[in-house]
4 protein chains.
Amino acid sequence: MSNNLLQGKTGVIFGALDEQSIAWKVAERCHEEGAKIVLSNAPVAMRFGKINELGEKISAPIISADATSMEDLDKLFTGATEHFGGKIDFVLHSIGMSLNVRKGKSYTDLNYDFMSKTFDISAMSFHRVMQTLWKQEAMNDWGSIAALTYIAAQRVFPDYSEMAESKALLESFARSFGYHFGTRNHVRVNTVSQSPTWTTAGSGVKGFKEFFDYADKMSPLGNASAEACADYCVFLFSDLSKMVTMQNLYHDGGFSNMGMNPAVLGL
Amino acid sequence: MSNNLLQGKTGVIFGALDEQSIAWKVAERCHEEGAKIVLSNAPVAMRFGKINELGEKISAPIISADATSMEDLDKLFTGATEHFGGKIDFVLHSIGMSLNVRKGKSYTDLNYDFMSKTFDISAMSFHRVMQTLWKQEAMNDWGSIAALTYIAAQRVFPDYSEMAESKALLESFARSFGYHFGTRNHVRVNTVSQSPTWTTAGSGVKGFKEFFDYADKMSPLGNASAEACADYCVFLFSDLSKMVTMQNLYHDGGFSNMGMNPAVLGL
Amino acid sequence: MSNNLLQGKTGVIFGALDEQSIAWKVAERCHEEGAKIVLSNAPVAMRFGKINELGEKISAPIISADATSMEDLDKLFTGATEHFGGKIDFVLHSIGMSLNVRKGKSYTDLNYDFMSKTFDISAMSFHRVMQTLWKQEAMNDWGSIAALTYIAAQRVFPDYSEMAESKALLESFARSFGYHFGTRNHVRVNTVSQSPTWTTAGSGVKGFKEFFDYADKMSPLGNASAEACADYCVFLFSDLSKMVTMQNLYHDGGFSNMGMNPAVLGL
Amino acid sequence: MSNNLLQGKTGVIFGALDEQSIAWKVAERCHEEGAKIVLSNAPVAMRFGKINELGEKISAPIISADATSMEDLDKLFTGATEHFGGKIDFVLHSIGMSLNVRKGKSYTDLNYDFMSKTFDISAMSFHRVMQTLWKQEAMNDWGSIAALTYIAAQRVFPDYSEMAESKALLESFARSFGYHFGTRNHVRVNTVSQSPTWTTAGSGVKGFKEFFDYADKMSPLGNASAEACADYCVFLFSDLSKMVTMQNLYHDGGFSNMGMNPAVLGL
């Protein structure tokens, strides 16, 4: 069902891999709410994913871009504004990958070249995206930029490893760039700290099922689904959130403010 | 303009005094979005305010209630569910008053009877409201309860005096009751930490203009207006925020995450 | 062993009931470090407790005071400064009691007269203490005031009930009064957010053993003991913490920043 | 004056450049309190600084190390434990440098190679230090590791630029590694969020004087000096802080919890 919340708006969405991806759901919901979308993902992800399917479904062109390449990002946003025939209203960053986790390195035995690469892919890419948008003056005034994050940036979940640091970085970029974009263009920048979500990416992490279940029991409303996150992103891209910026926003069924839930202890 | 975000929903709104009140704007916007509303305010506020005007405008009955009286609250919610012919989907608590501030007592010379009364009016009233709703089982599943607060609950604004403590209390009640309401009914409870706002209540506080201007300059987007807050509350009462609970949500143009803004220093 | 960290300093310590009390340990350690102490507790606690034993052991006079009575507090601090022959360097507030918990009322069925009384005893008493010290100008410049609190002020532990709100209040008073005392006298005011502790008071709370064990497993260093807390308070009263103020300080073995500990899940 | 708080303890201190450095003061105070020290700094800093002077004064060998080189760190800690004839009790990380700031790049025009290098020097170096200590099993049980940070990790100070992100990273490493070190060795890891300080490094940053003065006025106790920070670090390395871990600790005269200070507005 549509409330036309994004009628006439234009958005670029990174990170839709397959129909389990949060970014995929966000793209569908934004389309439903009236937005015109451009999709982007890394060249390698596009080979394995089904993004073309999504593109057809919501009439969105797909412009592949390595989010660590300034040249690719430059082309992407030039392409997007050409396609829209105007500037961009919203952008979703849903990109993250840890080389050390993938290689099975423990947190006390990390490889620092991998770490640098992880940070570049998962966090610096967000600054790269914003810096490109900034220089191209590609965002409409009062636009909205958001990135997906996780509470491991605040508290320790051992298996999350260096992704905790990646998310801490990501959230800091949101605050810092949010100041600049807010001051110049009234553009807001926020991060959404989402429940653990059953995606192709997430479910591959070691111990994922355990902390998914733990979080689900700990949260009075249970874990927030990818669909609920998509609804939430619609809000963030709509005019209802115009004055919210530089925030890390928990979308997590209450997990973040629980100290102990008797349900976890089986009481 | 309406997006029908609250079509078919019912809500009780406390604290509309006059057209400057945030609660007034919220009631108007909720009506616009399709909700049926019941208004409530303290008997004394009703004598001085213009709430009847608002009631007529949005076809909302007005049920006066002293929010520190369990009997009044009981009647209010019984009356509301009768009027709606069903349970309640959302509630806004916008109630606050400091006796010590009103009497001009400084923070180092507070009267404790006044303080207890301030806490009862400004914060315990929120627990009273929720406890009444709980016992009457008056909330629909997946409903939404919200209260207005201020960042003085986290950081010191000396002129805010004992209202800082009132808001700290209020926010704690939201978390605690949010756990219970979430677990039993999937009802969410949040507080909105709003920019200083030009209302009849706010503008009467000593030093208000100074901290309004200071906050406005400090915030990259400027202070959030009462109208913007009303939009935000529509979101909180809509299905877009279903999984957000037990949060204190900054609606403040970025104020809360600024450390120093060159604009404040006149740089 | 003593490091003479409090040589020549004078302090008033509230809340020593028996040798399990944190306040008891703090008094002993402060004495060991060279401080002169005055002990205080509520008249009723003094009848049941063994505070006289402690008084003799550390040569500290005991001045009973109901911390909700301005008259009693006035006499206490007058008595203390007379005893010391000078002003006070540090004060520990370790007072808390919930009538609703004691009466077995659930959080969704609280009695509001009890609640007001709980807040007065557990939190407003801290403002009362500071206001009395302020008016008597009884604190030495660069003195230190501290109160014990619990993380339930930030996150929900259902069994903690209205004590969560009491602690939220308490911490807010520390911030607010910390501003005034800092500005006038360079006196610092902080709260110590301590692990669950096996005291006569704590262990009586329903579900205490469960959340003690849970917290112990969740914390990489385990729960902090009353003895460790006493060491920490020595630091807070010493010159090593001169520039720390208006903070809520976690003394909890790392609990507060853990999101999930495999040890809790038995992994 | 000494309280023998670190009698018999051994520590490695990074980052003493000249007598204005916080690390310099910390080394002096730790020596005064009875600790044996090994000093380290980057080869380039050693050429320009006066660290040899300090080494002689406190009888501490100096082992130069590039904190981004695992080989150098390995040699450093091997050398330190050899010198001490045993393991290490505490480590201070006081290392930070932004290439983009040094090159005058604005936050919306950053160079990403510089950024990666900044992160490596200012933050990943902390993980490198801990990973080396971990693998060498060089820390004594119940030891203490600390790093200096700044509140720009939480709130925006525009001139701080990418150092905000560096500090966010640094603080996250403290939490994450704190879990591992706490669980295996009861070693605690914390960051100290210090007031702006007049050091050779700090005072070179653009706009430093303005935010120094602003912070000084905003803080009820004024800015914390390097000397006060040294006292605070003595506490962190002493047994008084045994149960404090994974915390970011504000040592800032109250700055972090002020919302508005009338002194800033000249009221």
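Anything mentioned here points back to the structure above.
Note that the coordinates shown come from a computational prediction; the quantities given were computed from them, not determined experimentally.

Peer 1: If you had to explain the pairing of strand S6 (residues 248–251) of chain B to someone new, which residues and values would you point to?
Peer 2: All names here are of chain B. Burial along S6 is two-sided: the residues Asn248 and Tyr250 and Leu249 and His251 are all buried. In the sheet, strand S5 (residues 188–194) pairs with S6 via four bridges, with the strands oriented parallel. Bridge pairing in S6 links Ser193 to Tyr250.

Peer 1: Provide a residue-level description of the sheet that holds strand S3 (residues 88–93) of chain B, including the pertinent values.
Peer 2: Residue and element names in this part refer to chain B. The six strands lie next to each other as S2-S1-S3-S4-S5-S6, forming an open sheet whose pairing is parallel. Edge positions in the sheet fall to strand S2 (36–40) and S6, since each has one partner strand and no second. Strand-to-strand, the axes of this sheet are offset by a mean angle of 20°, without reference to chain direction. With three bridges joining them, strand S1 (residues 10–14) and S3 adopt parallel strand pairing. Considered in S3, the bridge of Gly11 is made with Phe90. Contacts between helix H1 (residues 22–32) and the sheet are confined to S1, S2, S3, strand S4 (139–149) and S5, with S1 contributing the most and set at about 165° to the helix.

Peer 1: Account for the relation of the copies chain B and chain D, with residues named and values stated.
Peer 2: The two copies are related by a screw motion: chain B maps onto chain D through a turn of 180° and a shift of 0.0 Å along the axis, at an RMSD of 0.0 Å. Expressed as a symmetry operation, the mapping of one chain copy onto the other fits a two-fold axis. A high fraction, 100%, of the interface residues of chain B reappear at the interface in chain D, so the copies pair face to face through one surface.

Peer 1: Go over the interface of chain B and chain A with me, naming the residues and quoting the values.
Peer 2: Each side of the interface is counted separately: chain B has 39 residues, and chain A has 39 residues. When chain B packs against chain A, close to 3100 Å² is buried across both sides, 65% of that on carbon and sulfur atoms. Per-residue buried area on chain B facing chain A is highest for Leu221, Leu240 and Met243 of chain B; these three make up 26% of the total on that side. Viewed at the interface, chain A and chain B are joined by nine residue pairs in polar contact (both at pLDDT 80 or more). For the side of chain B that touches chain A, the secondary structure elements donating two or more residues are helix H7 (163–185), helix H9 (226–237) and S6 of chain B.

Rules used in this analysis
Residues numbered from 1 in each chain as written. Chains lettered and ligands numbered in written order. Predicted model: local features only at pLDDT ≥ 70, side-chain atom pairs only at ≥ 80, totals over all residues. Heavy atoms only, no water. Buried < 20%, exposed > 50% of the residue type's maximum accessible area, 1.4 Å probe, protein only. Helix = DSSP H or I, 4+ residues; strand = E, 2+ residues; numbered from the N terminus. Pairing = 2+ DSSP bridges. Axes fitted to C-alpha atoms, helices over the stretch in contact; angles between N-to-C directions. Contact = heavy atoms within 4.5 Å. Least-squares fit on C-alpha atoms with pLDDT ≥ 70 in both. Buried area = accessible area lost by both parts, 1.4 Å probe. Polar contact = N/O pair within 3.5 Å; in protein donor to acceptor, adjacent residues only side chain to side chain.

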